[in-house]
Amino acid sequence: MTTVAIAGTHVAERIKAAFPEALIEATEGSATVSAQHVVEVARFLRDDPELDCKYLNCLVGVDWLEHFDVIYVLSSLNKNHTLVLEARADHDEPVVPSVSTVWQGAYLQEREVYDLMGITFSGHPDLKRIFLWEGFPGHPLRKDFLALPGGFKPGLQRFPFEFPEGQRSYPNLSQPGGPQAPSVPRLVAPLGGQSAAEETGGGQLGLQGGGSTQTREPRRDTEPASGDAAEPSPDAEAGESKEAGE
Amino acid sequence: MTNLHPPPYVVNIGPQHPSTHGVFRLRVTLDGERILDAEMVLGYLHRSMEKLAEERTYTQNIPFTDRMDYLAAMTGNLGYCLAVEKLADVEVPERASYLRVIFAELQRIASHCMANGTFVNDCGAWQTPLMYMFREREKILDLFEMTCGARLTTNYMRIGGVAFDVPDEWYPGIESLMAEMPDRISEYEEMLLDNEILLARARDVGVLTPERAINSSASGPLLRGSGIAWDIRKADPYCVYDRFDFDIPVGHQGDCFDRFIVRLEEMRQSVSIIKQALAALPGGPVSTPVPLALSPEPGEAYARIESPKGELGFYLVSDGGPAPYRWHVRSPSFINLSTLKDLSVGRSLADAIVILGSLDINVGEIDR
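Quick summary incoming for the structure in this document. Keep in mind it's a predicted model, so treat the numbers as computed, not measured. (Residues numbered from 1 in each chain as written. Chains lettered and ligands numbered in written order. Predicted model: local features only at pLDDT ≥ 70, side-chain atom pairs only at ≥ 80, totals over all residues. Heavy atoms only, no water.)

1. Points about the pattern of salt bridges
Residue and element names in this part refer to chain B.
Step number 1: Applying the stated criterion across every chain yields a total of 42 salt bridges over all chains.
Step number 2: Between Glu105 and Arg108 there is a salt bridge whose closest N-O contact spans 3.1 Å. Placement of both Glu105 and Arg108 in helix H4 (residues 94-123) is noted, with a separation of 3 residues, approximately one turn of the helix. Each member of the pair, Glu105 as well as Arg108, is classed as buried.
Step number 3: Measuring nitrogen to oxygen at the nearest pair gives 2.8 Å for the salt bridge that ties Arg233 to Asp231. No difference in accessibility class separates Arg233 from Asp231, as the two residues are buried.
Step number 4: In this structure, a network of salt bridges that share partners links the residues Glu105, Arg108, Arg224, Asp231, Arg233, Glu266 and Glu306. (Salt bridge = Lys/Arg side-chain N within 4 Å of Asp/Glu carboxyl O. Helix = DSSP H or I, 4+ residues; strand = E, 2+ residues; numbered from the N terminus. Buried < 20%, exposed > 50% of the residue type's maximum accessible area, 1.4 Å probe, protein only.)

Pasting the structure below:
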């Protein structure tokens with residue numbers, strides 16, 4: 001015993017007899033109806049004694065760039081057959097009536113398709129995002145998700161907005177002009193005082209014993225200015241020696 | 001004294017499963033202990049597999065199916081490979097089909113061990129039954145490790161067969177396990193079927209009528225627990241399931257206890273299938289050569305299998321390229337959750353935990 005796949009052309013004939021204006025096309029695999037008629041077609045397929053599609057296997061959205069298809073894989077557990085119904089929706093404003101009143105099993109799946117594909121299911125009791133968070137930009141399963149109008153790329157280009165106009169990233173030291181740019185301040189380490197103090201002797205006293213600001217201020221002024229911290233200027237040496245002597 | 005906030009109260013359960021099947025949040029509105037409304041909040045484990053799969057070749061997508069239902073990686077592999085084989089019209093060698101059946105049924109036993117163990121956990125029989133069932137699951141995972149090197153994310157099935165043939169030491173391992181397994185299942189039954197805790201917590205709780213089950217697209221033990229003898233292995237046989245003799249266990253009440261019994265009995269049926277498959281295991285190759293960048297003809301295919309959780313289906317659309325144009329998973333855990341609100345509303349909060357445990361969800365498969 002295997003499941004019989006009912007040809008889409010046969011389903012299309014049945015749909016055409018009941019709803020002449022609903023059918024768009026039929027292939028061997030599936031029957032396609034326009035989106036606005038999908039609820040009455042679904043109810044017909046469910047309640048028809050021959051087709052008896054009481055079970056909704058799965059509900060899928062497919063983005064064909066010109067239009068969206070919402071695909072309903074249906075089956076009858078009693079008769080053990082399956083068929084595929086497709087509803088075609090406009091790409092700019094995709095709206096498909098909800099079939100969650102026909103099959104309760106569509107409730108979560110329609111929310112999934114809305115979240116990831118951006119198809120609005122009108123009449124759904126609680127249509128909101130299910131996997132992504134509220135406020136997520138765009139619908140990622142769309143084929144044009146990474147190329148939205150205006151060059152907006154949701155989720156990928158968040159960081160460039162944090163930089164000033166014209167600047168694309170953090171400055172790179174390997175770029176030409178990078179190392180020359182005065183963005184990194186020079187660190188001047190006051191290590192020279194130690195060696196100078198060892199040499200002169202007076203400086204050591206000034207650093208250790210002299211707690212007053214007056215003893216250090218001349219040293220701070222002179223060190224960067226001289227450019228050579230190993231040789232303190234005679235003024236500073238004299239000043240410290242004088243104070244140490246006091 | 002100021003008045004406390006009057007009912008109803010909104011309480012968040014989660015975001016994790018009470019016995020950590022994954023990160024799941026249930027927002028319940030309570031009047032006292034009675035549930036007025038239950039809303040699930042999903043997506044904590046969403047990895048956007050369906051989008052990622054559109055950038056990869058058909059073969060590269062197989063590891064994603066391990067990570068959906070990570071407690072049943074083999075059946076995830078199998079469902080996907082069957083869908084690609086249907087789309088690309090690939091024949092599978094007979095030995096590979098038998099091995100697929102054996103590993104899928106081993107996985108079903110392992111998954112049902114987890115499902116029943118954690119369900120009894122949720123009922124309040126804390127940890128002991130789970131540890132008993134872990135004992136057998138451990139041996140099954142050892143058999144997986146022997147064959148494909150992995151215990152959880154197996155990545156074993158390939159398009160056109162399986163990755164490796166089983167090693168020599170695998171045969172005594174599986175034969176001794178299959179010899180002791182019926183006794184082990186009887187042991188679970190002796191331990192649990194008259195268990196006062198389980199009966200008090202699971203009987204007549206979460207009753208799902210057959211009509212409601214079909215209308216909600218319920219599948220697997222949830223559907224069979226409601227008394228509908230629907231099993232895709234029988235109704236629409238894939239691999240070589242039509243060559244084996246096994247029964248479809250069904251429940252009568254449709255309550256949580258029936259789902260538990262159905263799972264226990266399915267383990268016994270799986271043992272029977274594995275024994276038959278081992279006895280008839282043919283020789284020969286285990287895979288067909290398939291191009292690495294397989295490019296099926298433009299078209300669509302829906303293939304489904306009976307996974308431990310229910311109907312696992314893959315809807316694939318090809319545009320003739322080496323990567324699928326659309327890769328959709330019909331995951332049983334996700335769709336079985338449609339029934340959760342109906343089953344919980346009107347019951348007490350403690351019942352909702354038992355109902356959730358009896359659905360046997362896996363959040364990796366829900367969020368994908």
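Structure shown, so let's carry the discussion forward.
2. Overview of the interface of chain B and chain A
Step number 1: Between chain B and chain A, the contact holds 40 residues from the first and 41 residues from the second.
Step number 2: Buried area between chain B and chain A, both sides added, is near 3400 Å², and the carbon and sulfur share of it is 57%.
Step number 3: Where chain B meets chain A, there are 2 salt bridges.
Step number 4: Between Glu39 of chain B and Lys128 of chain A there is a salt bridge, and its shortest N-O distance comes to 2.5 Å.
Step number 5: At the boundary of chain B and chain A, one finds 19 residue pairs in polar contact (both at pLDDT 80 or more).
Step number 6: The residue inventory of the side of chain B that touches chain A, partitioned by class, reads 17 nonpolar, 8 polar and 15 charged. (Contact = heavy atoms within 4.5 Å. Buried area = accessible area lost by both parts, 1.4 Å probe. Polar contact = N/O pair within 3.5 Å; in protein donor to acceptor, adjacent residues only side chain to side chain. Nonpolar A, V, L, I, M, F, W, Y, C, P; charged D, E, K, R; others polar.)

3. A few points about helix H5 (residues 128-148) of chain B
An α-helix turns once per 3.6 residues; consequently, residues spaced three or four apart project the same way.
Residue and element names in this part refer to chain B.
Step number 1: Compared with the 30 Å implied by 1.5 Å per residue over 21 residues, the 30 Å span of H5 between its first and last C-alpha is a close match.
Step number 2: Buried residues of H5: Pro129, Leu130, Met133, Glu136, Arg137, Ile140, Leu141, Leu143, Phe144, Thr147 and Cys148, and no others.
Step number 3: Looking at the buried residues of H5, the elements they touch are helix H3 (73-88), H4 and helix H6 (170-192).
Step number 4: Remark: Gly149 follows H5 within two positions and exhibits a positive phi of approximately 85 degrees. (Expected span 1.5 Å × (residues − 1).)

4. Points about the sheet that holds strand S7 (residues 310-318) of chain B
Residue and element names in this part refer to chain B.
Step number 1: Overall, antiparallel pairing links the 3 strands, which are arranged S6-S7-S8 in an open sheet. Each edge of the sheet is formed by a strand with only one pairing partner; in this case those strands are strand S6 (299-307) and strand S8 (326-330). The average angle at which neighbouring strand axes cross in this sheet is 15 degrees, direction not considered.
Step number 2: As paired strands, S6 and S7 are joined by 9 bridges and run antiparallel to one another. Paired with Gly299 across the two strands is Ser318, which belongs to S7.
Step number 3: Along the sheet, H3 contacts S6, S7 and S8; its crossing angle with S6, the most-contacted strand, is approximately 150 degrees. (Pairing = 2+ DSSP bridges. Axes fitted to C-alpha atoms, helices over the stretch in contact; angles between N-to-C directions.)

5. Description of the sheet that holds strand S3 (residues 34-41) of chain B
All names here are of chain B.
Step number 1: Spatial ordering of the open sheet is given by S1-S2-S3, a layout of 3 strands whose pairing is antiparallel. Each edge of the open sheet carries a strand with a single partner, namely strand S1 (9-13) and S3. With strand direction ignored, the average angle separating the axes of adjacent strands in the sheet is 25 degrees.
Step number 2: Of the pairings in the sheet, the one linking strand S2 (residues 25-31) to S3 comprises 7 bridges and is antiparallel in character. In the sheet register, Arg25 faces S3, and the bridge partner there is Val41.

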